[in-house]
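So you can see what is in the structure, the chains are spelled out below.
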Amino acid sequence: MNISFDLDSTLIPNENEFETEYRSLIAKLFGIEKIRKGTRELISDLQNQGHKIHIYTTSFRTKRKIRLTLRYYGIKVNRIVNEKENRQVLKLKKINSSKFPPAFDFELHIDDSKGVGIESEKFSFKTILVKPTDKNWTKKIKSKIINIG
């Protein structure tokens, strides 16, 4: 399955919403962002099950910056869609939504936004919502993917 993850408040904290992985001083100097504890293991497990993992964010971070942060933590993803590409594609397809994963062939999207949850119902795409405060977020995602898949 093609699974996409949001970044802000899902994998990357906006504040101190969740516990994060260790990040060295050098990484901080190079602009590597904090990442949610458990992300590497979750993505690795999903990839080992045969899923393709993507990033789908409405952030204006460059794809290069996102990839650099992920690689620092040992995470490789198949595709990154940032807000620049998202806007271009959705405009071209005349889709009035903040996110529309099927436009990028993503079969499941994981996000924290209630708004994305509402859009998933309106436009009939599959989403798993995880709260930044959810300490069992990886278990929740894994169990819901089993039920979907």
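Residues numbered from 1 in each chain as written. Predicted model: local features only at pLDDT ≥ 70, side-chain atom pairs only at ≥ 80, totals over all residues. Heavy atoms only, no water.

Caption draft 1: The pairing of strand E4 (residues 108-111), seen in detail. Residues of E4 alternate between two faces, with Leu 108 and Ile 110 on one and His 109 and Asp 111 on the opposite face, all of them buried. Here strand E1 (residues 2-5) runs beside E4; their pairing, made up of three bridges, is parallel. Bridge pairing in E4 links Ser 4 to His 109. By the bridge criterion, four bridges tie E4 to strand E5 (residues 126-129) in an arrangement that is parallel. Residue Ile 110 lies in a different strand from E5, and its bridge partner there is Ile 128. At this point the chain moves from E4, through helix H5 (residues 114-123), to the parallel E5, and the crossover so formed is right-handed. (Buried < 20%, exposed > 50% of the residue type's maximum accessible area, 1.4 Å probe, protein only. Helix = DSSP H or I, 4+ residues; strand = E, 2+ residues; numbered from the N terminus. Pairing = 2+ DSSP bridges. Right-handed = clockwise from strand over helix to strand, strands pointing away.)

Caption draft 2: Representation of the side chain of Arg 36. Tracing the backbone through its elements, the reader meets Arg 36 in the loop between helix H1 (25-29) and helix H2 (39-48). Of the polar contacts made by the side chain of Arg 36, one reaches the backbone oxygen of Thr 10; its length is 3.0 Å. (Polar contact = N/O pair within 3.5 Å; in protein donor to acceptor, adjacent residues only side chain to side chain.)

Caption draft 3: How the structure looks around a nonpolar patch on the surface. Together, Leu 25, Ile 26, Leu 29 and Phe 30 make up a nonpolar patch on the protein surface, roughly 510 Å² of accessible area in all. Positionally, Leu 25 belongs in helix H1. (Patch = residues over 30% accessible without salt bridge, like charges linked within 9 Å, V, L, I, M, F, W, Y side chains within 5 Å. Areas by Shrake-Rupley, 256 points an atom, 1.4 Å probe, with all protein chains shown as cover. Salt bridge = Lys/Arg side-chain N within 4 Å of Asp/Glu carboxyl O.)

Caption draft 4: Spatial organisation of the sheet that holds strand E2 (residues 52-56). The five strands lie next to each other as E3-E2-E1-E4-E5, forming an open sheet whose pairing is parallel. Where the open sheet ends on each side, the last strands, each with one partner, are strand E3 (79-81) and E5. Recorded for the sheet is a direction-independent mean angle of 25° between the axes of neighbouring strands. (Axes fitted to C-alpha atoms, helices over the stretch in contact; angles between N-to-C directions.)

Caption draft 5: Quick peek at the packing of aromatic side chains. Applying the stated criterion to the full structure yields six aromatic pairs. Of the aromatic side chains, those joined through ring pairs into one cluster are Tyr 56, Phe 104 and Phe 106. Across from the ring centre of Phe 18, 4.3 Å away, lies the NZ or CZ of Arg 36, which sits over that ring. Above the ring of Tyr 56, the side-chain terminus of Lys 99 is found at 5.7 Å from the ring centroid. (Phe/Tyr/Trp six-rings, centres within 6.5 Å; stacked < 30°, edge-to-face > 60°. Lys NZ or Arg CZ within 6 Å of the ring centre and 35° of its normal.)

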